[in-house]
Structure formats: C-alpha cells, structure tokens
Amino acid sequence: MKVTVLKLSLHGQLVGYLAGFQNGKNVFSFSEEFKENLSRPTLSLITHPAFPYVEKLLAEPWVRKQRLYPTLSNLLPEGALRELITQRLKVHIDNEFHLLSYLGNDLPGALIAEPMEPELVPDYILAPYGKVKAVLFDKVQLNNKFSLAGVQMKFSMTEKDGRYNLSDNNILGDWIIKTPSTKHRDVPVNEYTAMRLAQLVGVNIPEVKLVQLSKLDNLPPINLPDEELAFAIKRFDRDDGRRVHMEDFAQVLVKYPHEKYNSANYEQIGRIIYRFSGNGLVDIQQFSKRLLVNILLANGDAHLKNWSLIYADKITPRLSPAYDILTTSVYIEEEKQFALNLGKTKDWYSVSLAHFQSWAKSAGIPWRTIQSHLDDVMDKARSLWPNAMKELPMNEAHKLQLKEHWKLLHKDFRI
Ligand SMILES: Nc1ncnc2c1ncn2[C@@H]1O[C@H](COP(=O)(O)OP(=O)(O)O)[C@@H](O)[C@H]1O
Ligand SMILES: [Mg+2]
C-alpha cells in the first residue's frame, strides 16, 4: 500500500509526522524531540506539559479512519469554502488528508504541514505497517491558496493602499475578508455593526472594516449577490508576516466541527479559561461579558468554533479577541436560543443574572469577580447602543428586529 507522509512543525520545531494511507487511514505520531521538550511550543492545550494525562496522550499515535484527528480536522474549511477548494482540486470533499497536504502552508494559527520526500521519512514511522511504500504527495498547483476554518465564504488577503489581494503562495494574508452571502441579506453590515456594538460595551475585538467589493483583487469565481460591501477583520494569528498560534474550543475539547453545537456547554469553556489561561481572571471576566453580549445582540452562533485560545508567547493560552459576532436571529426564523447551555438554559428570553450566577458557581469562578462586569455591560449597552445604532450601517429592517429582541429579554437584560 502507498502512503504519503507530512511533516508537521510549529515555530520551526518538529512536532511529528502524519502518515496518510491509500485506504483513508491516517496516523499522527509525535516526534521524540517534541515529547521530551518541556518548554515546547503549545500545539493544543491538550499537549501542554501542565495538561492532565498529557504524557499518555503524546505517547500513542493518533489514528483515524477517514477524517483527521480533531486537532487537525478543525484547521480545514467547512461548507462552501471546502466545496470550492475540493472541486478545484478534484478530490472528494471528505478527503481531509489531501486537503491538509494541499493547504498546509497557510493554515489558521502557526502549524505548518509539508509533504515529505519519501526517502526522508524515518523508518520507525512506517515500520509497524509492514509492506507500505512512501510516495511523494502529488501536488496540483493552483494559484491563490488559503485555508480558513468556518462555514462562510471568506478569503485571507493582504492590504495595500486600500486594495485587498488574495495572498499568493509565499505571502501570508493578514486580513480575513468575508464576502456577502447569496443566501442571507446584508451579512457584512450586520457583522460590522454587531462587532462595533460589542466593542462599545468592552468586548475586545480586532480591527474591523467594510470594504467595497471593487477593491478586492484576484478573487476566485464565486457567486456574489447584488451588494457592495464585504466585511474585513484583521487576523490575530498573523503579526507582521509572522504566524501566531491559536486553536478553537472544538480543538481544545477534541470535538469535530459537526459537534460544535451539541457536545459542550459554557461552564466547561469557562472552567478551562479560568484554570489554564495566563491571566484566568481577566479572561473569564471578558468571556462572561461576551456571553451576555451574544444574548443582547441575538447571536445564536457562539458555538465551540467561535471561541479560541491564542498562544502569543508560543506556550501560554489566553482568550483570543472576539470574532464572528452577528445578529443571526434576522436570518433564522423564530430563533430563540443561543448556541450552548449556560446555567442549564439556551433560552434568550428567560435567561437572567441568576443563570450567570449558577454558571459561575459550577465553573468554579467567584461570582463577585463577574457580577460587576455584567452590570457594566448593561449600563453601557443601555446608555450607548440606542444612539450608536443610528450611526451604524446595519440594514434598517434588521435594526428594528434587533430592537424588538431587546424588548423581549428578561428585565435584568432589557435595553
Ligand atoms: N480576526 C481573526 N483572526 C484570526 N482568525 C480568525 C479571525 N476571525 C476568524 N478567524 C478564524 O476563522 C474561522 C472562521 O471565521 P468566522 O468569522 O468564525 O467565520 P464563519 O462565519 O465562517 O464561522 C474562525 O473559526 C477562526 O478560526
Ligand atoms: Mg465561525
């Protein structure tokens, strides 16, 4: 049987080897140097030396049948973007090993995956499998490579003098451009408005902009609606051409993208942030504010992949800046729930401060360190949002719907 091997590295250090077999099986083995290095860069919180059972986890190879292990699978696009890339590559949409081999030079975060010359593959990687032959990855060269996770159509671009260009193979893009949707009306102005409102009440966000579609160069052929603007957000996993590592909470909790709504709750995320972050208190306060803001803005999409840890010093996790906050209720008929359980509820219109108190208690966070931050969000939302809305570019019908949503909230959160 033929096998292709990828070498995975992080900040110039060898992490390990991923072997992809013809029949879809794939095996990831950590290198000795990675396992033994106690000041190694963090690939995932689960590989951090302080994480419970880490040695056992690194000792055994990670074997999967079709999909890649969640740590890697979550680096790949879902939805329309995956369709677009696999069609252009002429491979099956589920062939994750091929996708990773192809996209490995511009993944989210700082991991790099490179196809290896067969003669450089260490013997011990393939020895357990008997008669296998390493072969070189058969690379189709397409221009304009990029890998971004998520569902929406989006591109990693570089900016120069107000124009945005799809980054070519050797240059890392530092803006994510989300083009407008043919399915839902005015998403870019919705996301821009929601992110700005979130910022006004203390949510930490990257630089965001609205960009004329006529300023985007070298886009692949995609269907666009009759709208003029795209949403642009500065990448926090890129810094002046350098990669900064990050991972989302599907990776942290070792879940697949399709499990993003149903396999965890906000208590679990909170507990992890509070315990492992380099500044647990500040990050959990920020997390609690964002939970409330998502309720106020009727964002039903704050699932596992919309929360990330960032490793700015290569080792220590911190909560990343916020992204993908928008008023989803204007697109989903009768939407009444947020994405994951908080104090055992998902219901926008019954959730109250008491649920947050119960959330803090079961996540092991002192309530007094949280309460004043939630009060502060409410004070600012009530005093700033009604006027700010007048200036922000959200579709007028959507603004009205958002204001209707405010009236229905529990009195603790009514605006
Ligand atoms: N500003 C950013 N910097 C770095 N990575 C980002 C940023 N915004 C989003 N991402 C990454 O890209 C993925 C998709 O972006 P997101 O805004 O969530 O789009 P979608 O609507 O498709 O879910 C996210 O899950 C996250 O990994
Ligand atoms: Mg998302």
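Residues numbered from 1 in each chain as written. Chains lettered and ligands numbered in written order. Predicted model: local features only at pLDDT ≥ 70, side-chain atom pairs only at ≥ 80, totals over all residues. Heavy atoms only, no water.

Novice: Break down the packing of aromatic side chains for me, citing the residues and quoting the values.
Specialist: Applying the stated criterion across every chain, the model contains 18 aromatic pairs. Considering the side-chain rings of Phe28 and Phe30, the 4.9 Å spacing of their centres and the 75° angle between planes classify their relative orientation as edge-to-face. Of the two residues, Phe28 and Phe30, both sit in the buried class. Between Tyr164 and Trp175 the ring centres are 6.0 Å apart and the planes differ by 90°, which places this aromatic pair in the edge-to-face class. (Phe/Tyr/Trp six-rings, centres within 6.5 Å; stacked < 30°, edge-to-face > 60°. Buried < 20%, exposed > 50% of the residue type's maximum accessible area, 1.4 Å probe, protein only.)

Novice: Give a description of the coordination of the magnesium ion (ligand 2) that names residues and reports values.
Specialist: Taken together, the protein ligands of the magnesium ion (ligand 2) are Asn306 (OD1) and Asp324 (OD), with distances of 2.1 to 2.2 Å. Taken as a pair, Asn306 in the loop between helix H10 (280-296) and strand S16 (308-311) and Asp324 in the loop between strand S17 (318-319) and strand S18 (337-342) lie far apart in primary sequence, 18 residues in all. Looking at Asn306, the relative accessible area reads 10%, which means it is buried. Judged by relative accessible area, which is 17%, Asp324 ranks as buried. (Donors = N, O, S within 2.8 Å, 3.2 Å for Na, K, Ca; no water. Helix = DSSP H or I, 4+ residues; strand = E, 2+ residues; numbered from the N terminus.)

Novice: Describe the environment of Lys183, with residues and values.
Specialist: Checked against the element boundaries, Lys183 lands in the loop between strand S9 (175-178) and helix H7 (187-200). A relative accessible area of 72% places Lys183 in the exposed class. Distance in space between the C-alpha atoms of Lys183 and Lys380 is 33 Å, their sequence separation being 197 residues.

Novice: How would you explain helix H11 (residues 353-363) if you had to name every residue and give the values?
Specialist: Among the residues of H11, those classed as buried are Phe356, Trp359, Ala360 and Ala363. Buried residues in H11, looked at end-on, bunch into an arc of 95°, giving them a common side. Among the residues trailing H11, Gly364 stands out with phi positive, at a value near 75°. (Arc of directions from axis to C-beta.)

Novice: Could you give an account of empty space enclosed by the protein, naming the residues involved and the relevant values?
Specialist: Applying the stated criterion across every chain, the model contains five cavities of 30 Å³ or more. Forming the boundary of the largest cavity are 15 residues, of which Arg290, Asn306, Trp307, Ala322 and Tyr323 lie nearest the centre. Its residues assigned to classes, the lining of the largest cavity shows seven nonpolar, five polar and three charged. (1 Å grid on protein atoms, 1.4 Å probe; cavity = no way out; pocket = protein on both sides within 12 Å on 5 of 7 lines; lining within 4 Å. Points joined across faces, edges and corners; volume = space filled by probe spheres on them. Nonpolar A, V, L, I, M, F, W, Y, C, P; charged D, E, K, R; others polar.)

Novice: Give me the lowdown on the pairing of S18, citing residues and values where you can.
Specialist: Summarising the sheet, S18 and strand S19 (residues 345-347) pair through two bridges and their orientation is antiparallel. Residue pairing in the sheet places Leu342 in a bridge with Thr345 of S19. (Pairing = 2+ DSSP bridges.)

Novice: Give a description of the packing of helix H9 (residues 266-276) against H10 that names residues and reports values.
Specialist: Contact pair H9 / H10: the axes reach a minimum separation of 8 Å and the direction vectors enclose 155°. Accordingly, the angle class assigned to the pair H9 and H10 is roughly antiparallel. Residue-level inspection shows Tyr266, Ile269, Gly270, Ile273 and Tyr274 of H9 in contact with H10, the latter providing Gly280, Leu281, Asp283, Ile284, Phe287 and Leu291. (Axes fitted to C-alpha atoms, helices over the stretch in contact; angles between N-to-C directions. Parallel < 35°, antiparallel > 145°, perpendicular 65-115°, else oblique. Contact = heavy atoms within 4.5 Å.)

Novice: Any details on unusual backbone geometry? Residues and values, ideally.
Specialist: Peptide bonds are trans in most cases, and residues, glycine excluded, mostly fall at negative phi. Here Tyr53, not a glycine, exhibits a phi torsion of approximately 60°, which is positive. The topology assignment puts Tyr53 in the loop between helix H1 (32-36) and helix H2 (54-59). For Tyr53, a relative accessible area of 71% puts it in the exposed group. Positive phi, close to 60°, is recorded for Glu334, a residue that is not glycine. Within the secondary structure, Glu334 sits in the loop between S17 and S18.

Novice: How would you sum up the side chain of Arg82? Please name residues and give values.
Specialist: Looking at the secondary structure, you find Arg82 in helix H4 (residues 79-89). Of the polar contacts made by the side chain of Arg82, one reaches the backbone oxygen of Pro77; its length is 2.7 Å. Residues within four places of Arg82 in sequence aside, it is in contact with Leu76, Pro77, Ile93, Asp94, Glu96 and Leu99. (Polar contact = N/O pair within 3.5 Å; in protein donor to acceptor, adjacent residues only side chain to side chain.)

Novice: Break down the layout of surface pockets for me, with residues and values.
Specialist: One simple way to see leftover space: roll a probe sized like a water molecule over the atoms. Estimated volume of the second largest pocket: approximately 410 Å³. Contributing to the lining of the second largest pocket are 18 residues, with Thr4, Phe21, Asn95, Phe97 and His98 lying nearest its centre. The set of elements that each furnish at least two residues to the lining of the second largest pocket consists of strand S1 (2-10), strand S2 (13-21) and helix H5 (96-103).

Novice: A description of the sheet that holds strand S10 (residues 208-212) should follow, citing residues and the corresponding values.
Specialist: Overall, mixed pairing links the six strands, which are arranged S10-S12-S9-S7-S8-S11 in an open sheet. Of all strands in the sheet, those bounded by a partner on one side alone are S10 and strand S11 (216-217). The pairing of strand S7 (residues 154-160) with S9 spans four bridges and is antiparallel. Residue pairing across strands places Met157 opposite Trp175, the latter belonging to S9. Of the strands in this sheet, S9, S10 and strand S12 (229-234) touch H7, which is tilted by about 40° from S12.

Novice: Would you mind going over the nonpolar core in detail, with residue names and values included?
Specialist: Counting residues in each nonpolar core, the largest one holds 71 residues, and the members touching the most others are Tyr266, Phe287, Phe356 and Trp359. The residues contacting Tyr266, other than those within four sequence positions of it, are Phe287, Leu291, Ala302, Trp307, Phe338, Ala339, Leu340, Asn341, Leu342 and Trp359. (Core = buried A, V, L, I, M, F, W, Y, C linked by side-chain atoms within 4.5 Å.)

Novice: Can you tell me about the domain arrangement of the protein chain, naming the residues and giving the values?
Specialist: Split by domain assignment, the protein chain resolves into domain 1 (2-134) and domain 2 (154-408). Tallying the contact residues gives 35 residues for domain 1 and 34 residues for domain 2. For the pair domain 1 and domain 2, the two sides together bury roughly 2,700 Å², of which 56% comes from carbon and sulfur. Applying the counting rule to domain 1 against domain 2 returns two salt bridges. The salt bridge involving Arg238 is made with Asp106; its shortest N-O contact spans 2.9 Å. Elements represented by at least two residues in the side of domain 1 that touches domain 2 include exactly helix H3 (70-73), H4 and strand S5 (111-115). The residue makeup of the side of domain 1 that touches domain 2, split by class, is 19 nonpolar, ten polar and six charged. (Domains from an automatic or database assignment. Buried area = accessible area lost by both parts, 1.4 Å probe. Salt bridge = Lys/Arg side-chain N within 4 Å of Asp/Glu carboxyl O.)

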